[in-house]
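A look at the structure
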Amino acid sequence: MSKTPDLKGWLPVSISKHTAEPVVEWCRFGTRRFTESFFDHTVQNAMREPFNLLFRHQTSLDTLVDWQMKCPGMQPSGFIFHMSRCGSTLVAQMLAALPEHIVLSEPPPLDAILRCDRRGASDAQRIAWLRAWMSAISQPRNGEQRLYVKLDAWHTFDLPLLRRAFPDTPWIFLYRNPIEVMVSAMKAPGMHLVPNLIDINIPGIEPAAAQHMPQPEYIARVLAAVLRCALQHLVPLGGKAFDYLRLPDVVFTDVAAHFQLTLGADQIAAMHAKTAFDAKTPQLFFEPDALIKQQQATADARALCAELLDPLYKQLQ
Amino acid sequence: MPDPPKAARLPLSFDPAGLQADLAMLGTDEWIAHFNTRYYAGDWSGVALRSVAGSNNPMYGDASHHDFADTQRLQQCRHLRAVVEAFECPLRSVRLLRLTAGSVILEHRDFDLGYELGEVRIHVPISTNPGVEFYLENRRIVMREGECWYLDLNLSHRVQNLGSSERVHLVIDCQLNEWLRAIIASGTPSEGTESGYEPFRRRVLDDAGLQEELASLTDRSAFVARTVELGRQNGFQFETGDVDGAMQAARRTWMERWIV
């Protein structure tokens, strides 16, 4: 890990969490675009190629910083925060429909850098690594001009740090009627909705208490923490919140305006074409499911929503 | 005293022609196959020149024995005898070891040998060819006919004879004494050359041209074949199995990268 290799054409696609020091894995990405629903799906596809499996550079995080100085990439043009199960993948897919965009959907390396707080990394250190990673991953390989990042739902808790790292990047927060999110999450909970599965602090929930909490209550409390956090930062940190109900049309109007994105008719058509498909399983057509989800809600879930989530939802609206 | 080298060419050399003349006197039926067939593929066999008294099995050098005696064969081979007599230290087994063309000795360690243990092995190549590849801890060491080598064979080593003629070495097991220590210390240490798949992998990571070519091959078998070919062209010796194995290991490591 001593000398910095020539990293032109290589992307830092993975950062280890469980090694003594974080190891950055660089993969030679060619002209491959991040068009799959999630960043890691694209990486997995790249890793099917024998070359990528065998030949990767492994460096320290500081190499990212060296490389940023030698070969600066882009600044993000927009961040998408969200409460999960609320259309954020669709918005990312719509933005990725345009070839001039690089769109990173829930990239694990970004999470790995944020979680370096657990290793005792200072805010300044994490900010430097975040900027350097963003710069390296956004090297244009097809003439791309703009970079968008859809974060993980729990990164709403990291909003202040991300704002400090990227003060000029506009951000939005997506949310949805909580009962619909609850029904979806109870069927297949996201990683942050299972107690202690990933190493994060949920404001207002004691890790010890989390172990004994019934699953629906834990989900409701985490979702509430995310909404509360978004509400708290929305105005002071200059974000805009959008309800799932306004998707997809709001992307062409208010979201585009907030991201200072001017769209022509062809671009709107390309983005609109994405809305016909299920964002996470693009082989399937999109099926509206709000009504079904509301009907599937258990009394338990309804009670939790009414108590913990609906008041926050109303405030966001 | 500094650590002994892993390998060193000793300041002794012998006339290969004379040694080969001795070799030519041996009958084909005198060669006895190595008993441990798990160690090799093809034909690895030997002739005893000094062995446990009363035994003619050259492959059997029981460490517990101390009563080694020259065989009759050694008496009849004056060039070989001259080599053996050049060693001013107590000798244990002395034998000729033959690895025929196309044969391979798999990677192994000889745990009964070691500088610290006071038992070391000396090799004198009598007949060899450029296709013989000897690796000590994955570094290739080239030993030429008539040279005399100290090798730390307690370390992992392997041999493949990819040439078209046999490789025969005179192999002398010695007990360390002051004379031998001094001669090893005055030898020319050899680091060997890195070879094999892993050094080639590192080389590719430094060479944009090799990257360009290999990255363009998305078909697995075409990729593996070309990797082996480019390895050879650049002086790195490995087989398709090495690349396949590395790919399997890499896939496993990649899949398990999130597991604590």
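Residues numbered from 1 in each chain as written. Chains lettered and ligands numbered in written order. Predicted model: local features only at pLDDT ≥ 70, side-chain atom pairs only at ≥ 80, totals over all residues.

What follows concerns the overall build of chain B. A count of helical and extended segments in chain B gives eight helices and 15 strands. When its C-alpha atoms are laid out on the principal axes, chain B stretches across 60 × 45 × 35 Å. By residue count, 30% of the 260 residues in chain B fall in the buried class. Residue pairs at least 24 apart in sequence account for 74% of intrachain contacts in chain B once pairs closer than 6 positions are excluded. (Helix = DSSP H or I, 4+ residues; strand = E, 2+ residues; numbered from the N terminus. Buried ≥ 20, exposed ≤ 12 C-beta atoms within 10 Å, placed from the backbone. Contact = placed C-beta atoms within 7 Å.)

This part covers the overall build of chain A. In terms of regular secondary structure, chain A is built from 14 helices and eight strands. The C-alpha atoms of chain A give 20 Å as radius of gyration, which agrees with the globular expectation for 317 residues (20 Å, within 12%). Projected onto its principal axes, the C-alpha positions of chain A cover 60 × 50 × 40 Å. Expressed as a percentage of the 317 residues in chain A, the buried residues total 44%. Of the contacts formed within chain A by residues at least 6 apart in sequence, a portion of 78% connects residues at least 24 apart. (Rg over C-alpha atoms; globule rule 2.2 N^0.38 Å.)

On to the nonpolar core, then. Across soluble globular proteins, nonpolar side chains show a tendency to be buried alongside one another. Within the largest apolar cluster, 103 residues are counted, with the highest numbers of intra-cluster contacts made by Trp133, Leu223 and Leu227 of chain A. Take this core: its biggest share by element is 11 residues, from helix H10 (residues 215-234) of chain A. For leucine 227 of chain A, the contacting residues outside a window of four places in its chain are Met83, Tyr175, Leu309, Leu312, Tyr313 and Leu316 of chain A. By size, the runner-up hydrophobic cluster in this structure holds 41 residues, among which are Leu74, Val83, Tyr135 and Leu180 of chain B. (Core = buried A, V, L, I, M, F, W, Y, C linked by C-beta atoms within 7 Å.)

Before going further, it helps to examine the interface of chain B and chain A. Residue-level contacts link 18 residues of chain B with 15 residues of chain A. Those elements giving two or more residues to the side of chain B that touches chain A turn out to be helix H5 (197-205), helix H6 (208-215), helix H7 (220-233) and helix H8 (240-255) of chain B. Top contributing element to the side of chain B that touches chain A by residue count: H8 of chain B, with five residues.

The next thing to look at is unusual backbone geometry. With the exception of glycine, the majority of residues adopt a negative phi angle, and the majority of peptide bonds are in the trans configuration. Residue and element names in this part refer to chain A. Omega for the peptide link from leucine 247 to proline 248 comes to 0°, which places this bond in the cis form. Considering the arrangement of structural elements, one finds proline 248 in the loop between strand E8 (240-243) and helix H11 (249-258). Not every positive phi belongs to a glycine, and arginine 85 is a case in point at roughly 55°. Checked against the element boundaries, arginine 85 lands in the loop between strand E4 (78-82) and helix H4 (88-96). Overall, arginine 85 belongs to the buried group, with 26 C-beta atoms counted inside 10 Å.

Residue and element names in this part refer to chain A. Where burial is concerned, most of strand E5 (residues 101-105) is hidden: five out of the five residues are buried. Neither face of E5 is exposed, since His101, Val103 and Ser105 on one face and Ile102 and Leu104 on the opposite face are all buried. In this sheet, strand E6 (residues 146-150) lies alongside E5 in parallel orientation, the contact comprising five bridges. Note on E6: the bridge partner recorded for histidine 101 is arginine 146. (Pairing = 2+ DSSP bridges.)

What follows deals with the packing of helix H3 (residues 61-70) of chain A against helix H6 (residues 123-137) of chain A. Residues and elements named next belong to chain A. Packing of H3 against H6 leaves a shortest axis separation of 8 Å and a crossing angle of 60°. Here H6 runs oblique to H3, going by the angle between their axes. In terms of crossing hand, the pair formed by H3 and H6 is left-handed. The segment H3 lies against H6, with Leu61, Leu64, Val65, Trp67 and Gln68 engaging Ala128, Trp129, Arg131, Ala132, Trp133, Ser135 and Ala136. Residue classes in the contact of H3 with H6 are distributed as nine nonpolar, two polar and one charged. (Axes fitted to C-alpha atoms, helices over the stretch in contact; angles between N-to-C directions. Parallel < 35°, antiparallel > 145°, perpendicular 65-115°, else oblique. Left-handed = near helix turned anticlockwise from the far one by under 90°. Nonpolar A, V, L, I, M, F, W, Y, C, P; charged D, E, K, R; others polar.)

All names here are of chain B. Every buried residue belonging to helix H1 (residues 16-24) is among Leu19, Asp22 and Leu23, and all of these are buried. Projected down its long axis, H1 shows its buried positions confined to an angular sector of 105°, all on one face. Looking at H1, the residues exposed on the side facing more than 90 degrees away from the buried face are Ala17 and Ala24. In this fold, the buried residues of H1 make contact with helix H3 (78-85), strand E8 (119-127) and strand E13 (167-175). (Arc of directions from axis to C-beta.)

All right, on to the sheet that holds E8 of chain A then. All names here are of chain A. Strands sit in the order E5-E6-E4-E7-E8 across an open sheet of five strands; the sheet is parallel. With partners counted over all chains shown, the strands left at the sheet margins are E5 and E8, one partner each. The mean inter-strand angle of the sheet, taken between neighbouring strand axes irrespective of direction, is 20°. Bridge count between E4 and strand E7 (residues 171-175): four bridges; the pairing is parallel. Bridge assignment links histidine 82 to a residue of E7, and that residue is leucine 174. Against the sheet, H11 contacts E7 and E8, and its axis sits at roughly 170° relative to E8.

Each pair of packed helices gets described by two things: the angle between the helix axes and the distance between those axes. Residues and elements named next belong to chain A. As a packed pair, helix H8 (residues 178-187) and H10 sit with axes 10 Å apart at the nearest point and diverge in direction by 130°. Put simply, H8 runs oblique to H10. Both H8 and H10 take part in a crossing whose hand is right-handed. Together, Pro178, Val181, Met182, Ala185 and Met186 of H8 and Pro216, Ile219, Ala220 and Leu223 of H10 make up the contact between the two elements. Here the residues of the contact of H8 with H10 are counted per class, giving nine nonpolar, no polar and no charged.

Attention now moves to the domain arrangement of chain B. The assigned domain composition of chain B is domain 1 (7-191) and domain 2 (195-255). Using only C-alpha atoms to locate each centre, domain 1 of chain B and domain 2 of chain B end up separated by 34 Å. (Domains from an automatic or database assignment.)

Looking now at the environment of proline 5 of chain B. Mapping proline 5 of chain B onto the fold places it in the segment before strand E1 (7-9). For the pair formed by proline 5 of chain B and glutamate 191 of chain B, sequence separation is 186 residues and the distance between their alpha carbons is 8.5 Å.

All names here are of chain B. Across the nine residues of E13, eight count as buried, placing the element largely inside the fold. Here seven bridges tie strand E6 (residues 91-99) to E13, and the two strands are oriented antiparallel to one another. Of the residues in E13, the one forming a bridge with valine 94 is isoleucine 172. Note that E8 and E13 share eight bridges and pair antiparallel. Residue pairing for E13: histidine 123 is matched across the bridge by valine 171.

To continue, consider H4 of chain A. Counting buried residues in H4 of chain A gives nine out of nine residues, a clear majority hidden from the surface. Buried within H4 of chain A we find Ser88, Thr89, Leu90, Val91, Ala92, Gln93, Met94, Leu95 and Ala96 of chain A.

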